[in-house]
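Below, each chain spelled out in residue letters.
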Amino acid sequence: MKDSKIFDFLYGLFFMLFWRISSWICSLPMWITLLLHFLIGLPLYWFWATLGAWLLVGIIRYMLIIFARWGSNDKDEYKTNKNPYSRSNDDMYK
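Residues numbered from 1 in each chain as written. Predicted model: local features only at pLDDT ≥ 70, side-chain atom pairs only at ≥ 80, totals over all residues. Heavy atoms only, no water.

### Details of the overall build of the protein
Rule in force here: The numbering of helices and of strands both runs from the N terminus, where a helix is a DSSP run of H or I of at least 4 residues and a strand a run of E of at least 2. Whether a residue is buried, partly exposed or exposed follows from its accessible area with a 1.4 Å probe, protein chains only, as a fraction of its type maximum: under 20%, in between, or over 50%, in that order. What makes two residues a contact is simply this: any of their non-hydrogen atoms within 4.5 Å. A 1.4 Å probe and the Shrake-Rupley method give the accessible areas. Residues count as covered only by the protein chains that appear here.
From N to C terminus, the protein includes three helices and zero strands. From first element to last, N terminus to C terminus, the protein shows the α and β order α-α-α. For the protein, the proportion of its 94 residues judged to be buried stands at 18%. Long-range pairs, those at least 24 residues apart, make up 50% of the contacts in the protein between residues at least 6 apart in sequence. Carbon and sulfur atoms make up 70% of the accessible area of the protein, which totals about 8,500 Å².

So this is what it looks like as structure tokens:
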């Protein structure tokens, strides 16, 4: 059962990374720094820094979604209906 969760996590992580890489609009700062490297000689580590920041933000967002999903899977225990106006409390419907 735990192996399935790990594989689900890795599959989702790789899907998220592919989706983030394929979305060129979100990677615009990365491409701008690469262009500035070739045009004005901006050091290449700026490109790698923006690439790393872009991927790090994507991974953190994905991890937050996973943790939110894990918290929402908790099932509430059954509670009795104490509403006096509810139809289930009426003697006619018992």
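Continuing now.
### Considerations on the side chain of Thr33
Where we set the bar: In the analysis that follows, any N or O atom pair within 3.5 Å is treated as a polar contact, provided that within protein one partner can donate a hydrogen and the other can accept it, and provided that, for residues neighboring in sequence, both atoms belong to side chains.
Among the secondary structure elements, Thr33 is positioned in helix 2 (residues 28-40). For Thr33, a relative accessible area of 12% corresponds to the buried category. There is a polar contact of 3.3 Å between the side chain of Thr33 and the side chain of Thr50.

### Considering helix 2
What counts here: Expected span of a helix: the number of residues minus one, times 1.5 Å.
Helix length check: helix 2, at 13 residues, gives a terminal C-alpha distance of 18 Å against a target of 18 Å (1.5 Å per residue), a fit within 8%. The positive-phi residue at the C-terminal boundary of helix 2 is Gly41, with phi of around 80°.

### Concerning the packing of aromatic side chains
For any two aromatic rings, the description comes down to two numbers: the centre-to-centre distance and the angle of the planes. What counts here: Working definition: a ring pair exists when centres of Phe, Tyr or Trp rings (six-membered ring for Trp) sit within 6.5 Å. Plane angles under 30 degrees give stacked, over 60 give edge-to-face, the rest tilted.
Evaluation of the coordinates by the stated rule reveals two aromatic pairs. Ring centres of Phe47 and Trp48 lie 5.1 Å apart, and the angle between their planes is 70°; this geometry places the pair in the edge-to-face category. A relative accessible area of 10% means that Phe47 is categorised as buried. Residue classification places Trp48 among the exposed positions, given a relative accessible area of 52%.

### Notes on the confidence of the model for the protein
Definition in use: A score from 0 to 100, pLDDT tells how confident the predictor is in each residue.
Scored by pLDDT, the protein comes out at a mean of 76, with 76% of its residues at no less than 70. Of all secondary-structure elements in the protein, the lowest mean pLDDT belongs to helix 1 (residues 2-22), at 72, while helix 2 reaches the highest, 90.

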